Amino acid sequence: MKFLKALISKNINGKKVLFLFVLTNLVYSFMLAFSIPKVMAHSNGMKLLDMMPTGYNFEYVNSLFKLLGENGRELYLFLQIPADMFYPFLFGIGYCLLIAFFLNKINKLDSIFFYLCLVPLLAGMADYIENIGIIFMLNSYPAITNFSVEITNLFTIVKSVATTIYFFALIIVLVLFGIDFVKRKRA
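Residues numbered from 1 in each chain as written. Predicted model: local features only at pLDDT ≥ 70, side-chain atom pairs only at ≥ 80, totals over all residues. Heavy atoms only, no water.

Caption draft 1: Spatial organisation of the layout of surface pockets. Of the volumes computed, that of the largest pocket is approximately 340 Å³. Taken together, 20 residues line the largest pocket, and the ones lying closest to its centre are Tyr28, Asp50, Met51, Tyr87 and Lys159. Those elements that provide at least two residues to the lining of the largest pocket are helix H2 (14-40), helix H3 (58-105), helix H4 (119-140) and helix H5 (146-186). Here the residues of the lining of the largest pocket are counted per class, giving 11 nonpolar, 5 polar and 4 charged. (1 Å grid on protein atoms, 1.4 Å probe; cavity = no way out; pocket = protein on both sides within 12 Å on 5 of 7 lines; lining within 4 Å. Points joined across faces, edges and corners; volume = space filled by probe spheres on them. Helix = DSSP H or I, 4+ residues; strand = E, 2+ residues; numbered from the N terminus. Nonpolar A, V, L, I, M, F, W, Y, C, P; charged D, E, K, R; others polar.)

Below, the structure is given as structure tokens:
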């Protein structure tokens, strides 16, 4: 853990954090504005598995993949998933460093709060496993199994919970940073 803490501390300069934040959100914007709508154009309004924070079941996956048809499944596999293979890495690293940057500003990086830096890394890892599961199911369709759906769904939910916890924690850290900033200005 010391190595990880040292690595994070070494990389929390403002320019690097800002660059990663912007790059992460550019990739996310590309997915939201282009790749996801392109795939969803074939889904008759059904959400893609990546976009279902509360999860899905075997019937949903079968219905979605059937509605997508061959063209939609190919777009999912060769357009959306490749974009979503960059995003978890950028999210994990970028948002880890973002919260570390603000924790450092309020002198809490060397406390128990350091573990908040690990939450986006967990979300990113879960997102990768989710993507691998989706790739497997897309390649297996129509012979997908309930087990593959359950495992992929589990990591979709882990990703969603970790992401929610992270953004809740980030808001609290930003509020603490704001309070600290105001106190220092008044002093």
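Caption draft 2: Main features of the environment of Leu90. By secondary structure assignment, the location of Leu90 is in helix H3. Classification of Leu90 by relative accessible area gives buried; the value is 9%. Measuring from C-alpha to C-alpha, the distance between Leu90 and Asn25 comes to 8.9 Å, with 65 residues separating the pair along the chain. Dropping the residues within four chain positions of it, Leu90 is found in contact with Leu20, Leu23, Thr24, Val27 and Tyr95. (Buried < 20%, exposed > 50% of the residue type's maximum accessible area, 1.4 Å probe, protein only. Contact = heavy atoms within 4.5 Å.)

Caption draft 3: How the structure looks around the environment of Ala41. In this structure, Ala41 sits in the loop between H2 and H3. A relative accessible area of 63% places Ala41 in the exposed class. It is 23 Å that separates the C-alpha atoms of Ala41 and Val149, two residues lying 108 residues apart in sequence.

Caption draft 4: How the structure looks around the packing of H4 against H5. Running from N to C, H4 and H5 cross one another at 155 degrees; their axes reach a closest spacing of 8 Å. Considered as vectors, H4 and H5 are oriented roughly antiparallel to each other. Along this stretch, H4 crosses H5, giving a crossing that reads as left-handed. Together, Val119, Pro120, Leu122, Ala123, Ala126, Asp127, Ile129, Glu130, Gly133, Ile134, Phe136 and Met137 of H4 and Ser148, Val149, Thr152, Phe155, Thr156, Val158, Lys159, Ala162, Thr163, Ile165 and Tyr166 of H5 make up the contact between the two elements. Tallied by class, residues from the contact of H4 with H5 come to 15 nonpolar, 5 polar and 3 charged. (Axes fitted to C-alpha atoms, helices over the stretch in contact; angles between N-to-C directions. Parallel < 35°, antiparallel > 145°, perpendicular 65-115°, else oblique. Left-handed = near helix turned anticlockwise from the far one by under 90°.)

Caption draft 5: Geometry of H3. For H3, with 48 residues, the first-to-last C-alpha span of 46 Å runs short of the 70 Å given by 1.5 Å per residue. In H3, a bend of some 110 degrees at Gly69 exceeds every other bend along the element. Its side-chain oxygen 3.2 Å from the backbone nitrogen of Glu59, Asn57 forms the N-cap of H3. (Expected span 1.5 Å × (residues − 1). Bend = angle between axes of the 7 residues up to and from the residue. Polar contact = N/O pair within 3.5 Å; in protein donor to acceptor, adjacent residues only side chain to side chain.)

Structural measurements only, silent on function.
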